[in-house]
Every structure is written in C-alpha cells, then in structure tokens.
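The primary structure of each chain is shown beneath.
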Amino acid sequence: MGQNIKADKSFGDNIRKWRNAKGMTQEELSTQLQIHGCDISRGTLAKIEAGIRHISVDELQAIKIILEITYEDFFAK
C-alpha cells in the first residue's frame, strides 16, 4: 500500500497557486500527471486542491517535477 499525505486545504491551495503561476489549467496538469504515470483526472486534481482527497507520495513527486517547485513550496503558509 502506498503512503498518502492527509488532505489539507492549505496544501491544496499551494498546489493551485503554483499551478496558476505556471499558467496551467487543472486539465493540463492532470494530463501531465498522466504522462508521468499518475492516473489523475481533472476532477481528482480539483479534490486535491480543495483539500478533500489525500495525495500519494508518487503524485506529490510528479507534481513537484511538473511545476518545478520544492517540497517546501507545498507546505508554505
């Protein structure tokens, strides 16, 4: 079983902030995640950003690579 990071609104807000800073839509990020081997739909990404769904470590790593951010960026207040 993979490890998950607990759903959190501020965590999801940070993903949204960095995605928007890169000029990406949820659909574009979910497509990139699928290319990186993470089966995430736009709807699932929306739930992560809303703090409703947990995120796996693999998904976190892929988002980090795609958005070119650090792990600290996910947890910034």
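- An unreviewed UniProt entry annotates the protein chain as DNA-binding protein originating from Desulfitobacterium hafniense.

**Structural notes on the overall build of the protein chain**
Okay, step 1: Each helix and strand counted, the protein chain has five helices and two strands in total.
Okay, step 2: Residues classed as buried in the protein chain amount to 36% of the 77 residues present.
Okay, step 3: Residue pairs in contact within the protein chain that sit at least 24 positions apart in sequence constitute 62% of those at least 6 positions apart.
Okay, step 4: When the accessible surface of the protein chain is totalled, it reaches about 4700 Å², and 51% of it is carbon and sulfur.

**With respect to the environment of lysine 22**
Okay, step 1: For lysine 22, the location among the structural elements is in the loop between helix H1 (9-21) and helix H2 (26-35).
Okay, step 2: Separated by 45 residues in sequence, lysine 22 and leucine 67 have C-alpha atoms that sit 6.9 Å apart.
Okay, step 3: Apart from residues no more than four positions distant in its own chain, lysine 22 is found in contact with Leu67 and Glu68.

**Focus: the nonpolar core**
Okay, step 1: Counting residues in hydrophobic clusters, the biggest one holds 17 residues, and the most contacted among them are Ile15, Leu29, Leu33, Ile55, Ile63 and Phe74.
Okay, step 2: Elements that contribute at least two residues to this core include exactly H1, H2, helix H3 (42-49) and helix H4 (57-67).
Okay, step 3: Looking at this core element by element, the count peaks at five residues for H4.
Okay, step 4: Ignoring sequence-local partners within four residues, the contact set of leucine 29 consists of Arg19, Met24, Leu45, Ile66 and Leu67.

**Considerations on the packing of H1 against H4**
Okay, step 1: Interaxial distance between H1 and H4 falls to 10 Å at its minimum, and their mutual angle equals 30°. In terms of their interaxial angle, H1 and H4 are classed as roughly parallel. Crossing handedness for the pair H1 and H4: left-handed. Contacts between H1 and H4 pair Phe11, Ile15, Trp18 and Arg19 from the former with Leu60, Ile63 and Leu67 from the latter.
Okay, step 2: Across the contact of H1 with H4, the residue classes break down as six nonpolar, no polar and one charged.

**Describing the packing of aromatic side chains**
Okay, step 1: Across all of its chains, the model carries three aromatic pairs by this definition.
Okay, step 2: Centroid distance phenylalanine 11 to phenylalanine 74: 5.4 Å. Interplanar angle 20°. Geometry classified as stacked. In this pair, phenylalanine 11 sits in helix H1 while phenylalanine 74 sits in helix H5 (residues 71-75), placing the two residues 63 residues apart along the sequence. The exposure classification of phenylalanine 11 matches that of phenylalanine 74, with both residues buried.
Okay, step 3: Here the aromatic rings of tyrosine 71 and phenylalanine 74 are separated by 6.5 Å at their centres, their planes lie at 35°, and the arrangement is tilted. Here tyrosine 71 and its partner phenylalanine 74 are both found in helix H5, three residues apart, which amounts to about one turn of the helix.
Okay, step 4: Of the aromatic side chains, those joined through ring pairs into one cluster are Phe11, Tyr71, Phe74 and Phe75.
Okay, step 5: Directly above the aromatic system of tyrosine 71 lies the positively charged group of lysine 64, at a separation of 5.1 Å from the ring centroid.

Criteria and thresholds
Residues numbered from 1 in each chain as written. Predicted model: local features only at pLDDT ≥ 70, side-chain atom pairs only at ≥ 80, totals over all residues. Heavy atoms only, no water. Helix = DSSP H or I, 4+ residues; strand = E, 2+ residues; numbered from the N terminus. Buried < 20%, exposed > 50% of the residue type's maximum accessible area, 1.4 Å probe, protein only. Contact = heavy atoms within 4.5 Å. Areas by Shrake-Rupley, 256 points an atom, 1.4 Å probe, with all protein chains shown as cover. Core = buried A, V, L, I, M, F, W, Y, C linked by side-chain atoms within 4.5 Å. Axes fitted to C-alpha atoms, helices over the stretch in contact; angles between N-to-C directions. Parallel < 35°, antiparallel > 145°, perpendicular 65-115°, else oblique. Left-handed = near helix turned anticlockwise from the far one by under 90°. Nonpolar A, V, L, I, M, F, W, Y, C, P; charged D, E, K, R; others polar. Phe/Tyr/Trp six-rings, centres within 6.5 Å; stacked < 30°, edge-to-face > 60°. Lys NZ or Arg CZ within 6 Å of the ring centre and 35° of its normal.

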